[in-house]
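# Fold and contact review
Single-letter residue listing:
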Amino acid sequence: MSSLSNFILKMVSRLIANGQQASFRDDLTEEFYIRLQSDGQRSALFWLWIHLIRSLPTVVGFQLFWRIIMWKHYLKTSFRMLFKTKGYSSINIFGLAVGFACSMLIGLFVSYELSYDRFHVNADRIFRVTMTDEVSTPPAMARALARDFPEIEYATCFSNLRIQPVKYEEHIFYESPVLGTTNECFHIFSFKLLAGDRNTVLKEPNTVVLTESMSTKYFPNEDPLHKMIIIGDNTYRVDGVMEDVPENAHFTFRCLVSNKTFPWGREDWWNTSFMSTYVMLHHPTDITSLNDKLPDFETKYVYDGDPDHKPLYMSQPLTSIHLHSHLRFELGQNGDYKNIIIFTTAAIFMIIIACINFMNLTTARSLVRVREIGIRKTVGSTRKQLIHQFLGESLLLSLVAFIIGIMMVLFLLPTFCHLIGKPIGIGSINMDLVLPGLIGFSLMIGLLAGVYPAIFLSSYSPVQVMKNVHAGGKRSVIFRNGMVIFQFLVSSTLIIGTLTVYRQLHLIQNKNIGFDKEQVLVIKNLHPDILKSEALKQRLLQHPDVVAVSASGNLPGKGNGRNWIATEDEDTLIVNSYFTDFNYADVLQLQLIEGRFFSREFSTDTAGIILNAHAVRANNIKDPVGKRVTFYYGRPIPMTVIGVVEDFHFESLHQPLTSLAIFYGINKGWGINFISVRLRTEHMQNLVKFVEQEWKAVNPAMPFDYSFLDDEYDAMYTNEIRTGKVAFVFCLLAVAVSCLGLFGLSIFIIEQRVKEIGIRKVLGESIIGAVWLLSCQSLKWIILAFVLSIPLSLFVMQHWLQNFAYRVSMDPWIFLLSGALAVLIAFLTVSTRSIKAAMANPVDSLRTE
Amino acid sequence: MKELSKAEEMILLAIYRLDDNAYGVTIRQKIHEISGKDYTYGTLYGILEQMVNKNYLIREKGQPTSERGGRSKTFYYLTQTGVDALNKALEIHQRIWQGISKLTFKKS
């Protein structure tokens, strides 16, 4: 007989009932040899194979028959148990489902955050070159990099033109953001061109590549290629149409215009920085040699008067930008890896809490089932069978919970996306990979959660059980209390964390920021010529409720330039720059310490410069007013300091306050982006209507786009506000799930002590005493959990607060409040049951037996 | 006592006829001889196992034989219950078929 047939024979005979395997095999072999002698090898082998195949169904069927019967029995008892103790079961399943849903949602969020920029085919070869603490680099840099470094295959840069009015025939809209770039952009990034030639687009000045959505907006029924479209002040020829930028890119745009349109795109500008520079290397490992050579590159090109102010060039891998880069002037709003860590930890803890609940409740409930186990053992169940039964039950429960959890996810996903502000669609998830993973995960949870009760329960000896010795013992009590401690440790850490996040949010929204952001209406995104803005200002000032009007290039929280200025003693300072008109200080209500703000009465003021107190302090300028300075904006411009303004937070409170220089920017072609109007009114609606009327009268062709300064300024904290909301939701859920567990556990503990309470009451114990007795047992563990949570939350929250230059302190009252909250919630949870037990008539509990 | 199924009846009869030589191979051959049915060992052992559990049969290990590579055969013997069950089956058969030797087609 061949070895293969022998092997198959062995496999089939394994399926035969115990004790019969040998004779089954031997019988077959015997008949095989009889046939071998009479019919020959081939026909005997043929017979053997046919026989084995024919045997299979009956063998398998017979074998499975009894197992299925047993499974049916197990399922029946499981369901009986589920429905008999509806309260327990729903707490159990619901808690686990919530845990599943939470961790799945967070998993979706985390995987979405990690997917940023990975859609670029060459993502591992793309790097961004940055300077010191900002993204901005000189416009000449990309070209110089490509020229000087053989490692670099392509280099490109983006200028941020922010928001621009776009006009094609009768269509006028604002588009944001508009970026300027070069042809190399399409060689580096995997943006798909739907029309136009990858090798030639954006090579000429005054050309533009539209995104698909923008193209259909302006050219619904025609071919956009080679049409002329007006963006801002220039006319562009449409050279290409590309797919919209995916949501998970660290920067986005509506259209790309050629950098060559502007002077900085044609000339080599080194002493101003406003470009985001990206390079693609031939090989990812070339980055080390590039990093080594960057300092030399720097000394070769960049102005280097003062070693203190030497800019430091660095590189960042493309894929790390979204989560790890927090520089100034980022093209888009980046995420934060700290959030990822915090959320992932929260998800893990959430699922652990849910599992603990599950284990706790299953173990607790199982004590009710000890008699069942006793009976099963007496009737002949082996320990292995019992373990199988209980594991199977917990697997069943966890699968049910998993299905409910999935339904919750599907139901809650839109709300969740809204909460975190990310468009995570079910469609964007790779189901082939995720679904088996999730099912495997839920089975693992079921196993983990079921393994303890299964082993623990099956270890009872039937005699012990039947004698009604309440099993458990010290070990299981310690185990259960340990789990309650852990749950409440996590819960109170979350409570403390949420409180701290909210306090920090309160701080940053209410801190004295040095200017008055209330009651300022901002007309955005304008490109009118200067006369029109002057006319508008005069018209607006007619209204009694308008206090002051100012046209400016910059507003707090809306970005600023960065330039070098040199003092008379050849000190070079890097300052953030603001461009304003005469009335800016009135609108923002800035406080002047020395000198004056730009004034119409001094004709020389247009060549004046105003520093903030920090710039004066940090650079040790004595008697600043009247100092002559040189300002570099492409070329050196002589200027005089005319005033010093009190510090105000022109950036978000994530950043420490730094130096600021305010320039008179009108009439110099440096652009007006905003007209801000200080109001003093009760009737905001009417006033907005008035402003819109006046705007339409002056600029009939331009859309009216306005907002309020406080909203704009607070928009810098959307990330934190989101974190706050998410933390709040998770805190609630974690506390709720922990309470579910505690509730279930207290029901069980109290049930066990009903007789004891009865006896105590007969002996004269008061109701309050009984409630106290029942409650304080759990409460002491919760207080312990709270004490343990103090150092943990201190550590975590200090880490989170590092994000802010201005942060709240972790005051003791926060801890006390959270502790009180945790204990109160726990007490309420436990006491509902204990009060009921304490109020019960002792006759009822003692009558039986 | 439950009535025997056709397969059980056939196997029990085969074992009865085989006297002391009833083990897997011979039982299968006997059934084939009597009825022309070709049971697989899988089916056979399933039913044998059930009938051992029902106490119609007992199993006994024989002496190790050379034809099976020094391993012993497992022989099956009828118990009293088994014989009773067969007798009952015979009785039922006789009653059902009494007075009929050949069936003819009758139109109503």
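This text follows the structure it describes.
What you see as residue numbers is a count from 1 along each chain, following the sequence as written. Labels follow written order: the first chain is A, the first ligand is 1, and so on. Residue-level local features of this predicted model are given only where pLDDT is at least 70; pairs of side-chain atoms are given and counted only at 80 or more, and the full residue set underlies all totals for whole chains, interfaces and linings. Side-chain metrics in this entry use all non-hydrogen atoms of the structure; hydrogen atoms and water are not considered.

Moving on to the environment of Val484(A). All names here are of chain A. A run of DSSP states H or I qualifies as a helix once it reaches four residues; a run of E qualifies as a strand once it reaches two. Both are numbered from the N-terminal end. As for its placement among the helices and strands, Val-484 is situated in helix α16 (residues 473–510). Buried, partly exposed and exposed residues are distinguished by accessible area as a fraction of the type maximum, computed with a 1.4 Å probe on protein chains only: under 20%, between the cut-offs, and over 50%, respectively. A residue is classified by how much of its surface remains accessible, and Val-484, at 5% relative accessible area, is buried. Residues Val-484 and Asn-357 lie 127 residues apart in sequence; the distance between their C-alpha atoms is 8.5 Å. Any pair of residues with heavy atoms lying within 4.5 Å of one another is described as a contacting pair. Filtering out sequence-adjacent residues up to four positions away, Val-484 remains in contact with Asn-360, Leu-742 and Leu-745.

Take helix α4 (residues 80–97) of chain B next. Residue and element names in this part refer to chain B. Given the number of residues in a helix, its expected span is that number minus one, multiplied by 1.5 Å. Under the 1.5 Å per step criterion, the end-to-end length of α4 is 26 Å for 18 residues, consistent within 8% with the ideal 26 Å. The set of residues buried in α4 consists of Gly-82, Ala-85, Leu-86 and Ala-89. Axial view of α4: buried residues confined to an arc of 100 degrees, hence all on one face. Among the exposed residues of α4, those oriented more than 90 degrees off its buried face are Gln-80 and Arg-95. Where α4 terminates, the next one or two residues include Gly-99, which has phi positive at roughly 75 degrees. The directions from the helix axis to the C-beta atoms form the arc being described.

Residue and element names in this part refer to chain A. By this definition, two strands are paired if DSSP reports at least two bridges between them. Strand order in this open sheet of 4 strands is β14-β22-β13-β23, and the pairing throughout is antiparallel. Sheet topology places β14 (546–552) and β23 (706–708) at the edges, where each strand pairs with a single neighbour. Strand-to-strand twist in this sheet, taken as the mean axis angle between neighbours without regard to direction, amounts to 20 degrees. Contacts from helix α20 (residues 684–698) reach β13 (520–524), β14, β22 (674–679) and β23, with the element oriented near 30 degrees to β13. Angles shown run from 0 to 180 degrees and are taken between the N-to-C directions of axes, each axis being a line fitted to C-alpha atoms and, for helices, limited to the stretch in contact.

As a further point, take the packing of aromatic side chains. Residue and element names in this part refer to chain A. Centres within 6.5 Å make a pair out of two Phe, Tyr or Trp rings, where for Trp the six-membered ring is used; the pair is then stacked when the planes are under 30 degrees apart, edge-to-face when over 60, and tilted otherwise. Following the criterion strictly, the structure yields 40 aromatic pairs over all chains and no others. Their ring planes at 85 degrees and their centres at 5.9 Å tell us that Phe-100 and Phe-402 sit as a pair that is edge-to-face. Taken together, the residues Phe-100 in helix α4 (residues 86–114) and Phe-402 in helix α13 (residues 383–420) connect sequence positions 302 residues apart. Per residue, the accessibility class of Phe-100 equals that of Phe-402, and both read buried. Charge over a ring is defined by NZ of Lys or CZ of Arg lying within 6 Å of the ring centre and within 35 degrees of the ring normal. In this structure, Lys-217 is placed above the aromatic ring of Phe-173, and the distance from its NZ or CZ to the ring centre is 4.4 Å. Over the ring of Phe-602 we find Arg-596; its NZ or CZ atom is 3.7 Å from the centre of that ring.

This part covers a negative patch on the surface. A cluster of acidic residues, Glu212(A), Glu243(A), Asp244(A) and Glu247(A), forms a negative patch at the surface. Of note, Glu243(A) is situated in the loop between β9 (234–242) and β10 (255–258). Patches here are clusters of residues that have more than 30% relative accessible area and form no salt bridge, with a 9 Å joining cutoff for like charges and a 5 Å cutoff for nonpolar side chains (Val, Leu, Ile, Met, Phe, Trp, Tyr). Areas reported as accessible are Shrake-Rupley estimates using a 1.4 Å probe. Residue values count occlusion only from the protein chains shown. Salt bridge criterion: a side-chain nitrogen from Lys or Arg within 4 Å of a carboxyl oxygen from Asp or Glu. None of His or the chain ends enter the tally, which takes Lys and Arg as positive and Asp and Glu as negative. For the purpose of locating charges, the reference atoms are NZ of Lys, CZ of Arg, CG of Asp and CD of Glu.

On to a nonpolar patch on the surface, then. All names here are of chain A. Together, Leu-56, Val-60, Leu-64 and Ile-68 line one region of the surface with nonpolar side chains, adding up to about 300 Å² of accessible area. The residue Leu-64 is located in helix α3 (residues 41–84) in this model. We classify Leu-64 as partly exposed; its relative accessible area is 41%.

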